[in-house]
Amino acid sequence: MVDLLGDYTIRMVTIGSAIVGGLCGALGSFAYVRRQSLVGDVVGHAALPGVALAYLISQSKDLAVLMLGAGLTGLLALAVSILAVRYCKMDQGTAFASVLSTSFGVGVLLLSLIQQTHAADQAGLDRFLFGQAATLVEPQIITMAGVGTGALALMLIFFRPLVTLSFDPSYSRSTGLPVVGLESILLVALVSSVVVGISVAGVVLVAALLAAPAAAAHRWCTRFSTLVAVSAAFGALSGATGGFLSSTWANVPTGPLIILILTGLVIVSLLWGRRRTEPREVPS
Amino acid sequence: MLWDVDLDLPGSQLTAIVGPNGAGKSTLVRAALDLVPRQAGSARFWDQPLRDVRSRIAFVPQKQEVDWDFPVTVRDVVLMGLTPRLGLFRRPNGEHLQKVDEVMERLGLQPLAKRPISHLSGGQQQRTFLARAMVQGAELLIMDEPFAGVDGPTEELLFATLQSLRDQGHSIVIVHHDLETVAKNFDHVVLLKREILATGSPSSVLVDSNLRLAYG
């Protein structure tokens, strides 16, 4: 194991996947308790046209540039869905589903366009579909860690008001908390974690990185702060394991492997987690 | 939908807003607190606009508005009542925490402090919500259906607590559905059905002619 971690590729994939898993696990807790896990799916799918556009405009495959493009289209898609719900009275599921598939369609179109015109050069872009961490190099890991640290810092600085807002929006507004500002901060942090996540898990699977660790952690935790920590730990652990296995054992893509490990964790937690869903008999 | 609401509520009294389902009781208090949009009109508290006095008002939303499966303990929820005092960045100090303990003691919540809110009875949920509001130390308490799904003993405890808050000078406005408990427990009643039908003391408002207008 120590020897294997001495190998550059294996080390990079393992570290990169652990960062992604931990980050998405932490931020995903907020999406989970707000019953907004689909937000990850929308932003993930909408990141694809962003990656393609960023490449078309800059002609560069620098991860920071592609992530910026992904983040911008992710935020745009989220804004469109939220506006459709608020002003067109569209059902949230319908809005999310339409925006998600439309932006994914645009992304696939752009990718095939790039493939036809820049044939030799685009090889790196389709790894954003299902995620392939094997090509990660150190500067990319540093970019991912930088963005991730920013997102985590936002979450930690505003932790208390964000929890209050997530638990009870009406009450939070009545106390004069800056609700719109806090919602925006949370969305930016969430989008950042999705954008970091797609380089390992791909745009299709990244939603599971947000939802699964929190769903598993909820079975073991009664307080939100613990849930965030446990969820981040589950994510990082699954990420590291999946990253390590995918780069040592056969040539399997990293994203799907991490997701399968997470699914295993969810099943174990559902079966043996100590928190039961039915209320206990309690004296009043 | 509400119209022509022109209402002036007395201070330091226990006021009930009653009316049939769909009368707009919740809408009235939510519009006053800027939680739902208003087409027209304004609400003033102590002759000042809401934004200047938010910290003097505590709101208790309907119980079903929150997810009771949310991973927090009773004490966590009560601590959220410190939000207006702490703002975005400050952390609770010893004095704040003492206030939290006092309020929880008063409402009999201390033994439940570490219990996850998913394991509470209806009455315990309402006591937790009231405790969160009391921690704010607000002068005006606005509660939306705090007695829904509450057992008898809890109802008595809630009324006793609210009445002693009133005796200390607090004003309390409650959206209420149970006419039978109004006369005994409230000082002032507003009868609502899309507009104000009557307002005043329980004995003057709850007369047959008014009730027929509202419920008939």
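What this report covers is the structure whose coordinates are included nearby. No experiment lies behind these values; they were computed from the predicted model shown.

With 36 residues of chain B in contact, the opposing surface of chain A contributes 33 residues. Area buried by chain B at its contact with chain A is led by B:Phe70, B:Pro71 and B:Leu88, which between them contribute 22% of it. For the pair chain B and chain A, the interface holds three salt bridges. As a salt-bridge pair, B:Arg132 and A:Asp168 come within 2.8 Å of each other at their nearest N and O atoms. Remark: the boundary between chain B and chain A carries 14 residue pairs in polar contact (both at pLDDT 80 or more). Sorting the residues of the side of chain B that touches chain A by element identifies α3 (74-79), α4 (83-86) and α6 (122-135) of chain B as the ones contributing at least two each. Broken down by element, the residue count for the side of chain B that touches chain A peaks at four residues, all from α6(B). By residue class, the composition of the side of chain B that touches chain A is 16 nonpolar, nine polar and eleven charged.

Formed by 125 residues in total, the largest nonpolar core has its most connected members in A:Phe167, A:Ile198, A:Leu209, B:Leu141 and B:Leu162. Tallying contributions element by element places helix α10 (residues 179-217) of chain A first for this core, with 21 residues. Residues in contact with A:Phe167, not counting those within four places in the same chain, are B:Val66, B:Asp67, B:Phe70, B:Val72, B:Val77, B:Met80, B:Ile117, B:Phe129 and B:Arg132.

The next thing to look at is a nonpolar patch on the surface. Residue and element names in this part refer to chain A. There is a patch of nonpolar side chains on the surface, built from Ile-267, Val-268, Leu-271 and Trp-272 and spanning about 440 Å² of accessible area. With respect to the helices and strands, the residue Val-268 is situated in helix α12 (residues 254-272). Residue classification places Val-268 among the partly exposed residues on the basis of a relative accessible area of 38%.

Rules behind the numbers
- Residues numbered from 1 in each chain as written.
- Chains lettered and ligands numbered in written order.
- Predicted model: local features only at pLDDT ≥ 70, side-chain atom pairs only at ≥ 80, totals over all residues.
- Heavy atoms only, no water.
- Contact = heavy atoms within 4.5 Å.
- Buried area = accessible area lost by both parts, 1.4 Å probe.
- Salt bridge = Lys/Arg side-chain N within 4 Å of Asp/Glu carboxyl O.
- Polar contact = N/O pair within 3.5 Å; in protein donor to acceptor, adjacent residues only side chain to side chain.
- Helix = DSSP H or I, 4+ residues; strand = E, 2+ residues; numbered from the N terminus.
- Nonpolar A, V, L, I, M, F, W, Y, C, P; charged D, E, K, R; others polar.
- Core = buried A, V, L, I, M, F, W, Y, C linked by side-chain atoms within 4.5 Å.
- Buried < 20%, exposed > 50% of the residue type's maximum accessible area, 1.4 Å probe, protein only.
- Patch = residues over 30% accessible without salt bridge, like charges linked within 9 Å, V, L, I, M, F, W, Y side chains within 5 Å.
- Areas by Shrake-Rupley, 256 points an atom, 1.4 Å probe, with all protein chains shown as cover.

Function-wise, these values are silent; they only describe arrangement.
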